[in-house]
Amino acid sequence: MIHFVLLISRQGKVRLTKWYSPYTQKERTKVLRELSGVILTRGPKLCNFVEWRGYKVVYKRYASLYFCMCIDEEDNELEILEIIHHYVEILDRYFGSVCELDLIFNFHKAYYILDELLIAGELQESSKKTVARLIAAQDSLVEAAKEQRSSISNIIAQATK
Amino acid sequence: MALSGMRGLSVFISDVRNCQNKEQERLRVDKELGNIRTRFKNEKGLSPYEKKKYVWKMLYIYMLGYDVDFGHMEAVSLISAPKYPEKQVGYIVTSSLLNENHDFLRLAINTVRNDIIGRNETFQCLALTMVGNIGGRDFSESLAPDVQKLLISSSCRPLVRKKAALCLLRLFRKNPDVVNVDGWADRMAQLLDERDLGVLTSSMSLLVSLVSNNHEAYWSCLPKCVKTLERLARNQDIPQEYTYYGIPSPWLQVKTMRALQYFPTIEDPNTRRSLFEVLQRILMGTDVVKNVNKNNASHAVLFEALALVMHLDAEKEMMSQCVALLGKFIAVREPNIRYLGLENMTRMLLVTDVQDIIKRHQAQIITSLKDPDISIRRRALDLLYGMCDVTNAKDIVEELLQYLSTAEFAMREELSLKAAILAEKFAPDLSWYVDVILQLIDKAGDFVSDDIWFRVVQFVTNNEDLQPYAAAKARDYLDKPAIHETMVKVSAYLLGEFGHLLARRPGCSPKELFSILHEKLPTVSLSTIPILLSTYAKILMHTQPPDPELQNQIWGIFNKYESCIDAEIQQRAVEYFVLSRKGAALVDILAEMPKFPERQSALIKKAEDTEVDTAEQSAIKLRAQQQTSSALVVTDQHPANGTPPSTQLGLVKMPSMSSNVDQSLAEQGLSHENGTLSIVDPQPPSADLLGDLLAPLAIEGPPSSDVQSQQNIVSGLEDVPNAVEATAIVPVGEQTNSVQPIGNIAERFHALCLKDSGILYEDPHIQIGIKGEWRAHQGRLVLFLGNKNTSPLVSVQAIILPPSHLKMELSLVPETIPPRAQVQCPLEVMNLRPSRDVAVLDFSYKFGNNMVNVKLRLPAVLNKFLQPIPVSAEEFFPQWRSLSGPPLKLQEVVRGVRPMPLVDMANLFNSLRLMVCPGLDPNPNNLVASTTFYSESTQPMLCLVRIETDPADRTQLRMTVASGDPTLTFELKEFVKEQLVSIPTVASYAPMPAPPVPQPTTPAAAAAALTDPGAMLAGLL
């Protein structure tokens, strides 16, 4: 089971956190501090796994961003490594060559997409196409609501209320 | 890519990014938080769009690492918004900001449930996702049936069902009871026929969790798993979008093989054959390719297949194939594969018959111990540790010792512990073992725990052949210029005991031993000085005939430390000084330590404990525990000097201190005798397996182990006339009865039932205060342990004996309370069910030689989980009528009530948190009260109580109690009755003839029970 997902920039800035196991605010801060210390200092040609407090953290660096997932000791590490890559590919497809700035200004999108990928710390969908379709559907729902709101009749209704 | 419409958010993010430093950022963030706070305060003017924008800002600020302690309610409230955009934001921000234990989540359960059972598919998805990600126990109980329905519904689309599967998985993890095994096993098997691979992947995760808990129920799923695996591995009819770099969903393959590992065997030969075919294909057909992702994915499958092969105990041929593969992996360049190769080889060790094949790779594994990557070095260390046996122990341990000097600090402790254990387990001869441990201390003294050197002392003490060797080695290390303090300790101990065996060697005369040890004294800490003093005393004893110069030197040192501030050092100095003037008797008094009783190695035990902690239910680990250990056992063949060792240890260690209640008179006299002599082991016997090492000396009596004569000798030394007088001086009863509680314990308890803070217990040495906070079914008690003395209270122990309906967790209680200090120990309480049983605190401490033990009832009683609630006549009467009779409504005539005016009774009820509702009952002699009861297992329960008094006879009344739960009604009725009848102050100012009380617990009986803690406990439980 994935206990949490972290996106940390090379400067140690947090870009996304998702916790599937209950951690208090204090514990979350501590985990972030500890792990960015461990992971950001690792050299480039080492393996993608770090043993940490009886858990394993699988991480991979993409440009300036580290994607980290914490799993149980006996979980399959490579499987998780490819979930990370799967997530990155979906982000890439959605944003069109994703970069860190996309994820900063559209951090909420990163959350939506992650929710289509993982639930309860387990993989939910392994088809990129399906995820892309669902996210597109969500976007259009939001758009539709916006148009509805901005339509003239709506403005009048608001004004006369 | 522009953010769709939320300009304010983009501007804020840019602002934060443009901040030059942390201080500026904080100012900008604080300003924004202030803004959001004011906007939330007058919520009326807030459009849904603005609200959405603000909670996103909150999440962003939270992600930056700032505390966001408000606005959670606004995020949660968005969940109930009617439109999709707001609802979506509400769900996602809530699940990111809050964790499953947050109170606000409970408020949202109903809305969430409505979304789940509603018709809107998109709302269903949002709700299932949030519950799947942060749903707790509350959600489990109220939502599991609905989620199950969605998962198996034929009218739901896959996008809802796959979310339902994982949501159910979460709910099952939180409370396994919500999935009813009988009905669900068949459904689960049907789910595995699913065509949609998204739903199948999610369902497979659910299955893994279910079978790990109970594989018996899910046998019917086994062949389906094998079928799924066949379908994937042969790439039959897998939609293109579900292949990943050409591999049919590697994740589903891994999950399926994981599920199969939870079934102990596969009995059906056909299924077994098809599975092995697939596995064989995976093992042989996985090649290393250029593309990293393809490589990773195929190896993820391969490693899972290896695990499954190991689990199934395949034929030897297939196993050696696996080992060969792993052997290849640990030598490749790709670090991930090297890491996993080592990890899986360690798992492989648990399979019989392959150890020898693994040993062929020993050289390669040792190379990995020098890998630049610490993750890989750790795996290599684990593997070497696991594969070590008698044949290769010497090589491996020597490698570990060599590596120790270059290893980083993070690994040294683990490394030295492992080396020590291996040396002990597989030592070809004991002198090698001593060498290894001394090298360990020399190279990594800071990382060698006391356990390790205690253990070597035990071995040497119990093996006579080893003694001269060990002493000589210890002597050699002392010549080194700078040695670790632990080395000083172990050398001092060994030379004190066995130094005289070296007397003829150069540089080993008593005088020389003394001077080289004494050189170290200025460099050591307080904990080492007592050991050195003992060694000096022993050296003195072994110098026959006495050397006056040495004697004066050592006496001088004893003299100097007689005024040392450290009590242990001072005591030893005083005693040794007196003892060493006893001339020839000294040889008997300071004889060699007796052999240690056989015991399991504390090190191995330590290692096993950590293993148990991390053990999962996986089949691989279960097998690990059955591995046999060939650890050496400390042998104890020759009782020293013909005296049974237990008697001697008994003299020094005073086992009597732990239980002074049932001591015989003679023993008390004896322990007192030792007490005045002050040769006392400060540790309680059970606290430390190796505690005997810390006892300064073995005091040996003459060969006859007659207690009386020993007493005479010992008391003779101390110039006490004789033992009989000594016992006469101290009244025998004093030790047990000296500590009397101040005040009445029962009264204090009853008072605390009615209020939240006060004193629970007090005696001349300690005061235990208590303070409670109660909220719904949870509570937090803080125990205030105050030492009233000017000396510390030691061996403090507090054990909670909770009744079955309370979950209690006491934080760590320090073993020692410093003089005049107060320590606070929080105690968390959770109420599971209604019950009148009372929790007991078993508290003990030692003051001087007295062990004091009290058992105290804790005021975590039924009424603490009540919350008074006023009810109006319109609410009361329908309720009262609907709870028509037993078992929900119970009535009883109570006699022997403590007479009191109705006003007092109303006050009593109010302080019991039963709110008296005046005016509801037209009869002025009656009283009606209402309250709500909270427990973890039930909803808050309304309870109603009616008391009808008889103005003519105030000692009796009729009581009616009603609630929605039969147990609660009964328990509450009995509880109130107890309060009305046995209030302890009754005797003090109610001069009535003792009424015939039908209660089992009359005040007198209670008082009698209180004097005997055992009886009291029995009565309570």
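Our subject is the structure that appears above.
Here's a quick rundown of the structure. The model shown is predicted, which means the values in this text are computed figures rather than measured ones.

### Digging into the overall build of chain A
Phase 1: Assigned secondary structure in chain A consists of six helices and seven strands.
Phase 2: Secondary structure elements of chain A occur, N-terminal to C-terminal, as β-β-α-β-β-β-α-α-α-β-β-α-α.
Phase 3: Burial status across chain A gives 61% buried among its 161 residues.
Phase 4: Contacts spanning at least 24 positions in sequence make up 47% of the contacts within chain A whose residues lie at least 6 apart.
Phase 5: Accessible surface for chain A amounts to roughly 6400 Å². Of this, 58% is attributable to carbon and sulfur atoms.

### Thoughts on the overall build of chain B
Phase 1: Across its full length, chain B holds 45 helices and 16 strands.
Phase 2: Expressed as a percentage of its 1021 residues, the buried residues of chain B come to 54%.
Phase 3: The contacts in chain B between residues at least 6 apart in sequence include a share of 67% that link residues at least 24 apart.
Phase 4: Taken as a whole, chain B presents about 44200 Å² of accessible surface, with 53% of it coming from carbon and sulfur.

### Considering the interface of chain A and chain B
Phase 1: On the chain B side, the residues contacting the 71 residues of chain A number 83 residues.
Phase 2: Across the interface of chain A and chain B, roughly 6700 Å² is buried in total on both sides, 52% from carbon and sulfur atoms.
Phase 3: Summed over the shared surface of chain A and chain B, the result is nine salt bridges.
Phase 4: At the surface where chain A touches chain B, the tally comes to 40 residue pairs in polar contact (both at pLDDT 80 or more).
Phase 5: Broken down by element, the residue count for the side of chain A that touches chain B peaks at twelve residues, all from helix H5 (residues 128–150) of chain A.
Phase 6: Looking at the side of chain A that touches chain B, its residues break down into 30 nonpolar, 15 polar and 26 charged.

### Here's the deal with the sheet that holds strand E5 (residues 778–787) of chain B
All names here are of chain B.
Phase 1: Strand order in the open sheet formed by five strands is E3-E4-E5-E8-E7, and the pairing between neighbours is antiparallel. The sheet terminates laterally at strand E3 (757–762) and strand E7 (806–810), the two strands that pair on one side only. Each strand axis lies, on average, 25° off the axis of its neighbour in the sheet, ignoring direction.
Phase 2: Taken together, the five bridges between E3 and strand E4 (residues 766–775) define a ladder with antiparallel strand orientation. When the sheet's bridge partners are listed, Tyr761 is paired in E4 with Ile768.
Phase 3: Strands E3 and E4 of the sheet are contacted by helix H39 (residues 745–754), whose axis makes an angle of about 160° with E3.

### Observations regarding the environment of B:Gln570
All names here are of chain B.
Phase 1: Within the fold, Gln570 resides in helix H30 (residues 567–579).
Phase 2: What makes Gln570 partly exposed here is its relative accessible area of 31%.
Phase 3: Between the C-alpha atom of Gln570 and that of Phe558, which follows or precedes it by twelve residues, the distance is 8.6 Å.
Phase 4: Aside from chain neighbours lying at most four places away, what touches Gln570 is Tyr561, Glu562, Ser563 and Cys564.

### Brief notes about the pattern of salt bridges
Phase 1: For the structure on display, the rule yields 67 salt bridges over all chains.
Phase 2: B:Arg234 is the partner of B:Glu230 in a salt bridge, and the nearest nitrogen-oxygen pair spans 3.6 Å.
Phase 3: The class of B:Arg234 is partly exposed, set by a relative accessible area of 34%.
Phase 4: In this structure, B:Glu464 engages B:Lys595 in a salt bridge whose closest nitrogen and oxygen atoms are separated by 3.4 Å. Residue B:Glu464 is located in the loop between helix H24 (450–462) and helix H25 (467–478), and its partner B:Lys595 is located in the loop between helix H31 (585–589) and helix H32 (602–614); the two are separated by 131 residues in the primary sequence.
Phase 5: Each member of the salt-bridge network shares a partner with another, and the members are A:Glu51, B:Arg378, B:Arg379, B:Asp382, B:Glu414 and B:Lys418.

### Some details on the packing of helix H26 (residues 485–498) of chain B against helix H28 (residues 529–542) of chain B
Residues and elements named next belong to chain B.
Phase 1: Two elements in contact, H26 and H28, have axes whose closest approach is 8 Å; the angle formed by their N-to-C orientations is 20°. In terms of axis orientation, H26 runs roughly parallel to H28. In the crossing of H26 with H28, the sense of the turn from one axis to the other is left-handed. The segment H26 lies against H28, with Val488, Lys489, Ala492, Tyr493, Gly496 and Glu497 engaging Ile531, Leu532, Thr535, Lys538 and His542.
Phase 2: Here the contact of H26 with H28 is built from residues that sort into five nonpolar, three polar and three charged.

### What to know about the packing of helix H7 (residues 121–134) of chain B against helix H8 (residues 137–152) of chain B
All names here are of chain B.
Phase 1: Viewed as axis vectors pointing N to C, H7 and H8 meet at an angle of 135°, and their least axial separation amounts to 12 Å. For the element pair H7 / H8, the angle class is oblique. As H7 packs across H8, the resulting crossing turns out to be left-handed. Along the contact surface, H7 presents Gln124, Leu128, Met130 and Val131, while H8 presents Phe139, Leu143, Val147 and Leu150.
Phase 2: Broken down by class, the residue content of the contact of H7 with H8 amounts to seven nonpolar, one polar and no charged.

### Some points on the packing of aromatic side chains
All names here are of chain A.
Phase 1: Applying the stated criterion across every chain, the model contains 29 aromatic pairs over all chains.
Phase 2: A centroid spacing of 6.4 Å and a plane angle of 35° characterise the contact between Trp52 and Tyr55, whose relative ring orientation is tilted.
Phase 3: We classify Trp52 as buried; its relative accessible area is 9%.
Phase 4: A relative accessible area of 28% places Tyr55 in the partly exposed class.

### Concerning the sheet that holds strand E1 (residues 2–9) of chain A
Adjacent strands of a sheet form backbone hydrogen bonds with each other and so pair up, either parallel or antiparallel.
Residues and elements named next belong to chain A.
Phase 1: One open sheet accounts for five strands, arranged E2-E1-E5-E4-E3; its pairing is antiparallel. The sheet terminates laterally at strand E2 (14–19) and strand E3 (49–52), the two strands that pair on one side only. Averaged over all pairs of adjacent strands, the angle between their axes in this sheet comes to 20°, without regard to strand direction.
Phase 2: Direction of pairing for strand E4 (residues 55–62) relative to strand E5 (residues 65–72): antiparallel, over a ladder of eight bridges. From the neighbouring strand, Tyr62 faces E5, where its bridge partner is Leu65.

### Some points on unusual backbone geometry
Phase 1: Between B:Pro886 and the following residue, B:Pro887, the backbone shows a cis peptide bond with an omega angle of 0°.
Phase 2: Within the fold, B:Pro887 resides in the loop between helix H40 (873–882) and strand E12 (889–894).
Phase 3: Located in the positive-phi region is A:Ser97, a residue other than glycine, with phi close to 55°.
Phase 4: Relative to the helices and strands, A:Ser97 resides in the loop between helix H2 (77–95) and helix H3 (100–105).
Phase 5: For B:Ala776, which is not glycine, the phi torsion reads 50° and is therefore positive.
Phase 6: Structurally, B:Ala776 can be placed in the loop between E4 and E5.

### Here's the deal with the state of the cysteines
Residues and elements named next belong to chain B.
Phase 1: Following the criterion strictly, the structure yields zero disulfides over all chains and no others.
Phase 2: Lacking any disulfide linkage, Cys221 is separated from the closest cysteine sulfur, that of Cys225, by 6.3 Å.
Phase 3: The exposure class assigned to Cys221 is buried, which follows from its relative accessible area of 0%.

### A few points about H39(B)
For an α-helix, 3.6 residues make a turn, and residues three or four places apart therefore share a direction.
All names here are of chain B.
Phase 1: Taken as a whole, H39 has its buried residues at Ile745, Ala746, Arg748, Phe749, Leu752 and Cys753. Along the axis of H39, the buried positions cluster into a sector of 160°, meaning they face one direction only.
Phase 2: Sitting at the head of H39, Asn744 places a side-chain oxygen 2.7 Å from the backbone nitrogen of Ala746.

### Thoughts on the side chain of B:Asn831
All names here are of chain B.
Phase 1: The residue Asn831 is located in strand E8 (residues 822–831) in this model.
Phase 2: Judged by its relative accessible area of 0%, Asn831 is buried.
Phase 3: If sequence neighbours within four positions are ignored, Asn831 has contacts with His777, His805, Leu806, Phe865, Phe933, Tyr934, Ser935 and Glu936.

Here is what the cut-offs are and how they apply
Residues numbered from 1 in each chain as written. Chains lettered and ligands numbered in written order. Predicted model: local features only at pLDDT ≥ 70, side-chain atom pairs only at ≥ 80, totals over all residues. Heavy atoms only, no water. Helix = DSSP H or I, 4+ residues; strand = E, 2+ residues; numbered from the N terminus. Buried < 20%, exposed > 50% of the residue type's maximum accessible area, 1.4 Å probe, protein only. Contact = heavy atoms within 4.5 Å. Areas by Shrake-Rupley, 256 points an atom, 1.4 Å probe, with all protein chains shown as cover. Buried area = accessible area lost by both parts, 1.4 Å probe. Salt bridge = Lys/Arg side-chain N within 4 Å of Asp/Glu carboxyl O. Polar contact = N/O pair within 3.5 Å; in protein donor to acceptor, adjacent residues only side chain to side chain. Nonpolar A, V, L, I, M, F, W, Y, C, P; charged D, E, K, R; others polar. Pairing = 2+ DSSP bridges. Axes fitted to C-alpha atoms, helices over the stretch in contact; angles between N-to-C directions. Parallel < 35°, antiparallel > 145°, perpendicular 65-115°, else oblique. Left-handed = near helix turned anticlockwise from the far one by under 90°. Phe/Tyr/Trp six-rings, centres within 6.5 Å; stacked < 30°, edge-to-face > 60°. Disulfide = S-S within 2.5 Å. Arc of directions from axis to C-beta.

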